[in-house]
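What the coordinates show
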Amino acid sequence: MTHTVEKIGGTTMSRVNELRDTLFIGDKENPYGRIFVVSAFGGITNLLLEHKKTGKQGVYAAFADADSDQGWHDALHAVSEAMVEAHEAVLDHPGDRDQARVFVRERIDGARNCLIDLQRLCAYGHFRLSEHMLQIRELLSGLGEAHSAFVTTLLLQRAGVNARLVDLSGWRDEGNVTLDERILTAMEGIDPATEMPIVTGYAQCAEGLMREFDRGYSEVTFSKLAALTGAREAIIHKEFHLSSADPNLVGQDAVRKLGRTNYDVADQLSNLGMEAIHPKAAKTLRQAEVPLRVTNAFEPEDPGTLIDDQPADAAEVEIVTGLEVVALEVFEQDMVGVKGYDAAILDVLTRHEVRIVSKVSNANTITHYVDTSLKTLRRVERDIKKLYPSADVMLRTLGMAAVVGRDLRGLSVLQRGLQAIADAGMASVGASQGPRNVDVQFIMERDDLAPAIKALHKAFIEEDSKQISLAA
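A brief report on the enclosed structure follows. Keep in mind that what you see is a predicted model, and the values were worked out from it rather than measured.

1. Here we look at the overall build of the protein chain
Assigned secondary structure in the protein chain consists of 17 helices and 14 strands. Taking 2.2 N^0.38 as the reference for a compact globule, 472 residues should give roughly 23 Å; the C-alpha atoms of the protein chain span a radius of gyration of 25 Å, in line with that estimate. Dimensions of the protein chain, computed from C-alpha atoms along their principal axes, come out at roughly 70 × 65 × 35 Å. Considering the protein chain as a whole, with its 472 residues, one finds that 51% of them fall into the buried category. In the protein chain, of all internal contacts separated by at least 6 residues, the share reaching a separation of at least 24 is 76%. On the protein chain, roughly 22,300 Å² of surface is accessible, and the fraction owed to carbon and sulfur atoms is 48%.

The following block contains the structure:
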């Protein structure tokens, strides 16, 4: 186990030229022993699919909703222009730029012809476009990663690195292979000790990565590659360090870099929307006994934060974070002593693809704290009322702050947290702590979420750090 598998996200990829000498090459005497998995350049996947935050249509959404061909053709042309702009911002050599333009033209034209042919086929009544939309989404998504991997390979080869493009996107490939087969076949004959593989974050496979993971697929590819090749370590390069809180919220000087934590904490962060790595990807690494490291790509000398399966040496709060939630409260007087209510509500939430963050219950009330839109929850509310006409179903927008650590035993987090929130002039409408002692959750009015996180961080991170410093 002599190599690492390292992933670079889209925003960071847009500055890949700045990372060539520091991150990719590093030790000029021996830059090898590393496999890089790359995402599409920043913003490209939004143009190919839809904007992740605003929902603005990309090629996929325009093709799915097309009243005419013009919309998706224009959207695909916009992708082509954005790809050229992205690679010309990082490539200096005219020959490399020419090769990249040819690559973009070939892939974009191929995708356009595929979509046109599919439209023609589905003009016949025996074929339904809806049956092919997942494959279209996968085809389009793979364009972005293939482009960025190709450009990165050119960039490194120009600098004298023996870089090799490993395209897992299945472009014009025959056969329907599993993800393991796709990766192992592509890596066959590659020696990371003497060459630097640049691998696409998207991998076409029989399982269909987007069916389960949608836009989290690159971390699944990354973790599988690390597990299958027996990596010494898996590394994710971000534009920031994993810290005790959002520095934009509590202040850059107040936060503390984690340095080390475990997969339990990583799972809690995913649940709270502060995703260090997709939980399924974390599971793959954990089962393969591959530790994960999260670093700041622009501080390559800093070791970052190591995530493994080891417990903490001592009880300690590591992170304070939070997210906006909606409370779905179902009150039914007849619920007392009757089984089935919880299962039925969960079935409705699952059907509407609502993500549950946490839940509490008592004799006649079940409350789910969920991360979804009020529009979706209105549909959930209607379905629950059909099941239980006499139930009172209430929706309430709230905030959830959480104190997280590998081991919180003996720290009186629940008591101290409630006091810290009260001392800051706010009130909790709910709080909970499980027996595993890895997180404590505080529920408050949504407007109080940010100041509550600041108050909790001050109480558990800043003041505790001061006490430790004084004691030393």
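2. Concerning the packing of helix α2 (residues 16-25) against helix α7 (residues 133-158)
α7 packs onto α2 with a crossing angle of 55 degrees between their chain directions and a minimal axis gap of 11 Å. Put simply, α2 runs oblique to α7. Handedness of the crossing formed by α2 with α7: right-handed. In this structure, α2 uses V16, N17, R20 and F24 to contact α7, whose residues at the interface are T152, L155 and L156. Across the contact of α2 with α7, the residue classes break down as 4 nonpolar, 2 polar and 1 charged.

3. Focus: the nonpolar core
In this structure, F24, I198, F222, L285 and L292 are the most contacted members of the largest nonpolar core, which totals 104 residues. A total of 11 residues in this core trace back to one element, the largest contributor, which is α7. Other than its neighbours up to four places away in sequence, L292 contacts F222, A234, I235, I236, Y263, I277, L285, T305, L306 and I307. Membership of the second largest hydrophobic core comes to 20 residues, among which are A401, V440, L449 and A459.

4. Some remarks on the pattern of salt bridges
Per the counting criterion, the structure on display carries 34 salt bridges. In this structure, the salt-bridge partner of R182 is D173, at a minimum N-O distance of 2.8 Å. On the basis of relative accessible area, R182 is assigned to the buried category, the value being 9%. On the basis of relative accessible area, D173 is assigned to the partly exposed category, the value being 43%. Shared partners join several salt bridges into a network, and the residues in it are E50, R137, D214 and R215.

5. Digging into the environment of M196
Tracing the backbone shows M196 in strand β4 (residues 196-200). With near-sequence residues (within four places) excluded, M196 lies in contact with F24, P31, Y32, R34, F36, L156, V161, N162, A163 and R164.

6. Some details on helix α13 (residues 279-287)
By the burial criterion, the buried members of α13 are A281, A282 and L285. With its buried residues spanning 100 degrees around the axis, α13 presents them on a single face. For α13, the elements touching its buried residues are α10 (217-228), β5 (233-238), α12 (263-271) and β7 (292-296). Taken from the residues just after α13, E289 is the one with a positive phi, measuring 60 degrees.

7. Concerning the sheet that holds strand β11 (residues 365-371)
The sheet built from 6 strands is open, its strands ordered β10-β11-β9-β12-β14-β13 with antiparallel pairing. Either end of the sheet is taken by a strand with one partner, and the two such strands are β10 (355-361) and β13 (430-433). Adjacent strand axes in the sheet meet at a mean angle of 30 degrees, parallel and antiparallel pairs treated alike. Across 6 bridges, strand β9 (residues 319-331) lies against β11 in antiparallel orientation. From the neighbouring strand, F331 faces β11, where its bridge partner is T365. Relative to β10, α12 is tilted by about 95 degrees, and along the sheet it contacts β9, β10, β12 (392-404) and β14 (439-445). Here helix α15 (residues 374-387) sits on the sheet in contact with β9, β11 and β12, set at roughly 130 degrees to β12.

8. Comments concerning the environment of Q157
Examined against the element boundaries, Q157 turns out to sit in helix α7. Expressed as a C-alpha distance, the spacing of Q157 and D96, which sit 61 residues apart in the sequence, is 9.8 Å.

9. Describing the packing of aromatic side chains
Scanning all chains against the criterion turns up 5 aromatic pairs. Between F103 and F150, the ring centres sit 4.3 Å apart and the planes meet at 10 degrees, which makes this aromatic pair stacked. Here F103, found in helix α6 (residues 94-121), pairs with F150, found in helix α7; they are 47 residues apart in sequence, far enough to count as distant. Summarising the burial analysis for this pair, F103 and F150 share the class buried. Ring centres 4.5 Å apart and planes at 25 degrees place the aromatic pair Y341 and Y388 in the stacked group. Residue Y341 is found in helix α14 (residues 341-351), and its partner Y388 is found in the loop between α15 and β12; the two are separated by 47 residues along the sequence. The buried category is assigned to Y341, whose relative accessible area is 11%. Taking NZ or CZ as reference, R15 lies 3.8 Å from the ring centre of F298, over its face.

10. Examining the side chain of R406
Position of R406 relative to the elements: it lies in the loop between β12 and α16 (413-423). Within the structure, the side chain of R406 is placed 3.3 Å from the backbone oxygen of R260, a separation counted as a polar contact. At 2.6 Å, the side chain of R406 forms a polar contact with the side chain of E318. Excluding anything up to four places from it in sequence, R406 contacts R260, T261, N262, V265, Q310, P311, A312, E316, E318, N437 and V438.

11. Digging into the pairing of strand β1 (residues 4-8)
Among the 5 residues that make up β1, 5 are buried, leaving the element largely enclosed by the rest of the structure. Bridging between β1 and strand β2 (residues 34-38) involves 5 bridges; their strand directions are parallel. Across the sheet, the residue bridging to V5 is I35, located in β2.

Thresholds, definitions, all that
- Residues numbered from 1 in each chain as written.
- Predicted model: local features only at pLDDT ≥ 70, side-chain atom pairs only at ≥ 80, totals over all residues.
- Heavy atoms only, no water.
- Helix = DSSP H or I, 4+ residues; strand = E, 2+ residues; numbered from the N terminus.
- Rg over C-alpha atoms; globule rule 2.2 N^0.38 Å.
- Buried < 20%, exposed > 50% of the residue type's maximum accessible area, 1.4 Å probe, protein only.
- Contact = heavy atoms within 4.5 Å.
- Areas by Shrake-Rupley, 256 points an atom, 1.4 Å probe, with all protein chains shown as cover.
- Axes fitted to C-alpha atoms, helices over the stretch in contact; angles between N-to-C directions.
- Parallel < 35°, antiparallel > 145°, perpendicular 65-115°, else oblique.
- Left-handed = near helix turned anticlockwise from the far one by under 90°.
- Nonpolar A, V, L, I, M, F, W, Y, C, P; charged D, E, K, R; others polar.
- Core = buried A, V, L, I, M, F, W, Y, C linked by side-chain atoms within 4.5 Å.
- Salt bridge = Lys/Arg side-chain N within 4 Å of Asp/Glu carboxyl O.
- Arc of directions from axis to C-beta.
- Pairing = 2+ DSSP bridges.
- Phe/Tyr/Trp six-rings, centres within 6.5 Å; stacked < 30°, edge-to-face > 60°.
- Lys NZ or Arg CZ within 6 Å of the ring centre and 35° of its normal.
- Polar contact = N/O pair within 3.5 Å; in protein donor to acceptor, adjacent residues only side chain to side chain.

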